[in-house]
Amino acid sequence: MTETGSRLTITLAQLNPIVGDVAGNAAKARATRAQASADGADLIVFPELFISGYPPEDLVLKPAFQSACRSAIEELARETADGGPAMLIGSPWVDDGKLYNACALLDEGRIAAIRFKANLPNYGVFDEKRLFARGPAAGPVTIRGIRVGVPICEDIWLEESEEYENVVECLAETGAEILVVPNGSPYARDKNDLRLSIAVARVTESDLPLVYLNQVGGQDELVFDGASFALNADRTLAAQLPAFEESVTTLRWTKGDAGWRCDGSVAPLLEGDKGDYAACVLGLRDYVNKTGFPGVLLGVSGGIDSALCAAIAVDALGADRVRGVMLPFRYTAQVSLDDAAKLAKALGIRYEVLPIAAAVNGFEEILAGTFAGLPRDITEENLQARARGTLLMAISNKTGAMVVTTGNKSEMSVGYATLYGDMNGGFNPIKDIYKTEVFRLSTLRNAWKPDGALGPSGEVIPVNIITRPPTAELRENQTDQDSLPPYDMLDAILERLVEREEPLASIVAEGFDREVVARIDRLLNIAEYKRRQAAPGVKVTRRNFGRDRRYPITNKFRDLGKPLPKPDETLVSRASRGSAEGFEG
């Protein structure tokens, strides 16, 4: 252990917990503490709600689960009587009948202190106000004679207001020397810069160094990228942990005339498309492994979406756990068969061809009387997709492998997918990736793969799949652009409608055709019922379908594309604003 008062050694446990696996998470904490002890650590820090896993959602409301978490914390506390490192570890905590998002300091065989999260996020993917009570803005905890402030995640993100407390200001005023921040911060594109700017703002305000510890791993739709870091009080980067992988890193802090300082290693981070691809790989890997599937299978069509999903699956799980199935019909071109076979060979996956003509023709024969006198239309096209979906689900039932569904965000937005057909499946790694981004990620994967990827290096997606015009091949000479605008235009409109919630009039004012924008908006609205039944998938954008964007299915509102009128403030009385002025009781 280090000299009390002038040195502090902190081990950051950037780990991948499993929601609900209280015993497993505790065992992981125990093993990591042993490693930290060997490194001479004074303190080991774990991410937010580590014992329960994050986010626990409504599981955390179960009294039995709350009790299991507390028992695990108490047992870990007893073990710190061995004189090893203290532990800062997150857990749900019931106190005086209220449930808190807490962080416990375990040291010298006891629970030395508890700190409760004061600012509860209630936006985007977060829903903590309905689960937890707000904790008070408390002072620092003492570790080896040093006063350590423990703001929890959102406690550093929001400045003081009527609703939120400035937790960092309170800690600085009550004598904190270092800020240690446990986090459960999900990945989103370009979020690293945002996190860093928030941390820099808190360091600037407090003149205190800050340690930002984030968890890593996939949990349903969310991916936590780790990317933990530390800042010195002069806002220089003291250390940077890698993204998308577990890391146990020990930082040695020394107190000098200018305060506490650390000079650790700085790992490079994945940004942009590389970050998105790595998130898709980790999200699929953890969804499959944490839920216990032995492997996955997917329909391989010879198109780019299924090709990218196959590459992601192999990188996530290894070729021996991925099975590709080509399901051709009379509209399937020979080039699609050839490209699908090349893809499967390049990835090294098990691959088979199951023609669906007998199934589709059988359905049509059964329906011949019911459909008598009616023209052929999209119904017959959807029968092909539903036959494929049925066969994939049958293989899944027989083998236990999970079906990976392969629709991109552009398709999910406008409903260009068949319910109970190509939408069948358990998880979709590219659900939040627009079509133009699918092309970019496919090209990227042929030149690069993330560290830890289990697939082969080099070109794994045949170039012809990337350059060939996309088609569903449900009728002769069909291409996606028969039904949809060019993808660069479609995705630009969708990004404004979905991520930015821009009014139609504003989008048209940017130069987009009014009729095209109105049509895309209509398709986006009427496809809500499909999306509500779609498989979960990895979140990478600021606003995914699911946790972020929760629209009612039954919804009659439509933006008519007119300029938004200014509110008429003359119609709003002072009394209606809650003012007591002029009110006669």
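Refer to the structure above for everything that follows.
Here we summarise the structure given alongside this text.

Before going further, it helps to spend a moment on the overall build of the chain. When helices and strands are counted, the chain shows 16 helices and 19 strands. Scaling as 2.2 N^0.38, a compact globule of 585 residues should have a C-alpha radius of gyration of about 25 Å, and the chain matches this with 27 Å. Each principal axis of the C-alpha distribution contributes one length, and for the chain these read about 85 × 70 × 45 Å. Buried residues in the chain amount to 54% of all 585 residues. Taking the intrachain contacts of the chain between residues at least 6 apart in sequence as the baseline, contacts between residues at least 24 apart amount to 74%. If you sum the accessible surface of the chain, you get close to 24800 Å²; carbon and sulfur atoms cover 53% of it. Here the chain holds 65 positive side-chain charges and 81 negative ones, and the gap between their average locations is 3 Å.

Attention now moves to the packing of helix 6 (residues 304-317) against helix 11 (residues 435-447). Their axes nearest at 10 Å, the elements helix 6 and helix 11 cross at an angle of 50°. In terms of orientation, helix 6 and helix 11 fall into the oblique class. Pair helix 6 / helix 11 crosses with left-handed handedness. Facing helix 6, whose interface residues are Ile-304, Asp-305, Leu-308, Ala-311 and Asp-315, helix 11 presents Lys-435, Val-438, Phe-439, Leu-441, Ser-442 and Arg-445. For the contact of helix 6 with helix 11, the per-class residue count stands at 6 nonpolar, 1 polar and 4 charged.

Before going further, it helps to examine unusual backbone geometry. Trans peptide bonds make up most of the peptide bonds, and negative phi angles are found at most residues other than glycine. Here the residue pair Tyr-54 and Pro-55 is connected by a cis peptide bond, since its omega of -5° sits within 30 degrees of zero. Mapping Pro-55 onto the fold places it in the loop between strand 2 (43-45) and helix 2 (63-79). One non-glycine residue, Leu-49, adopts positive backbone phi at about 50°. Inspection of the secondary structure assignment puts Leu-49 in the loop between strand 2 and helix 2. With relative accessibility at 0%, the residue Leu-49 sits in the buried group. Not every positive phi belongs to a glycine, and Arg-235 is a case in point at roughly 75°. Residue classification places Arg-235 among the partly exposed residues on the basis of a relative accessible area of 43%.

A few words now on the environment of Phe-50. You can see Phe-50 is positioned in the loop between strand 2 and helix 2. C-alpha of Phe-50 to C-alpha of Ala-505: the two residues are 455 residues apart in sequence and 46 Å apart in space. Excluding residues within four positions of it along the chain, Phe-50 makes contact with Leu-15, Pro-17, Asn-25, Lys-28, Ala-29, Ile-89 and Gly-90.

Owing to its 3.6 residues per turn, the α-helix aligns residues three or four sequence positions apart on the same side. Over its 13 residues, helix 11 extends 19 Å from the first C-alpha to the last, a length consistent with the 18 Å expected when each residue adds 1.5 Å. For helix 11, the full list of buried residues reads Lys-435, Glu-437, Val-438, Leu-441, Ser-442, Leu-444, Arg-445 and Asn-446. Buried-residue contacts for helix 11 involve helix 5 (272-291), helix 6, helix 10 (409-414), helix 12 (463-467) and helix 13 (487-499).

Attention now goes to the environment of Trp-93. Following the sequence through the fold, Trp-93 ends up in strand 3 (residues 86-95). Trp-93 gets classed as buried once you look at its relative accessible area, which sits at 6%. Spatially, the C-alpha atoms of Trp-93 and Ile-356 are 55 Å apart, while their sequence positions differ by 263 residues.

Between its first and last C-alpha, helix 9 (residues 378-399) extends 32 Å over 22 residues, near the 32 Å set by a 1.5 Å rise per residue. Every buried residue belonging to helix 9 is among Glu-380, Glu-381, Asn-382, Leu-383, Gln-384, Ala-385, Ala-387, Arg-388, Gly-389, Leu-392, Ile-395 and Ser-396, and all of these are buried. Contacts made by the buried residues of helix 9 are with strand 16 (296-299), strand 17 (322-326), helix 8 (357-367) and strand 19 (402-403). Taken from the residues just after helix 9, Gly-400 is the one with a positive phi, measuring 85°.

The rules we used
- Residues numbered from 1 in each chain as written.
- Predicted model: local features only at pLDDT ≥ 70, side-chain atom pairs only at ≥ 80, totals over all residues.
- Heavy atoms only, no water.
- Helix = DSSP H or I, 4+ residues; strand = E, 2+ residues; numbered from the N terminus.
- Rg over C-alpha atoms; globule rule 2.2 N^0.38 Å.
- Buried < 20%, exposed > 50% of the residue type's maximum accessible area, 1.4 Å probe, protein only.
- Contact = heavy atoms within 4.5 Å.
- Areas by Shrake-Rupley, 256 points an atom, 1.4 Å probe, with all protein chains shown as cover.
- Lys, Arg positive; Asp, Glu negative; His and termini not counted.
- Charge placed at Lys NZ, Arg CZ, Asp CG, Glu CD.
- Axes fitted to C-alpha atoms, helices over the stretch in contact; angles between N-to-C directions.
- Parallel < 35°, antiparallel > 145°, perpendicular 65-115°, else oblique.
- Left-handed = near helix turned anticlockwise from the far one by under 90°.
- Nonpolar A, V, L, I, M, F, W, Y, C, P; charged D, E, K, R; others polar.
- Expected span 1.5 Å × (residues − 1).

Functional significance is not addressed by these values, which are geometric in nature.
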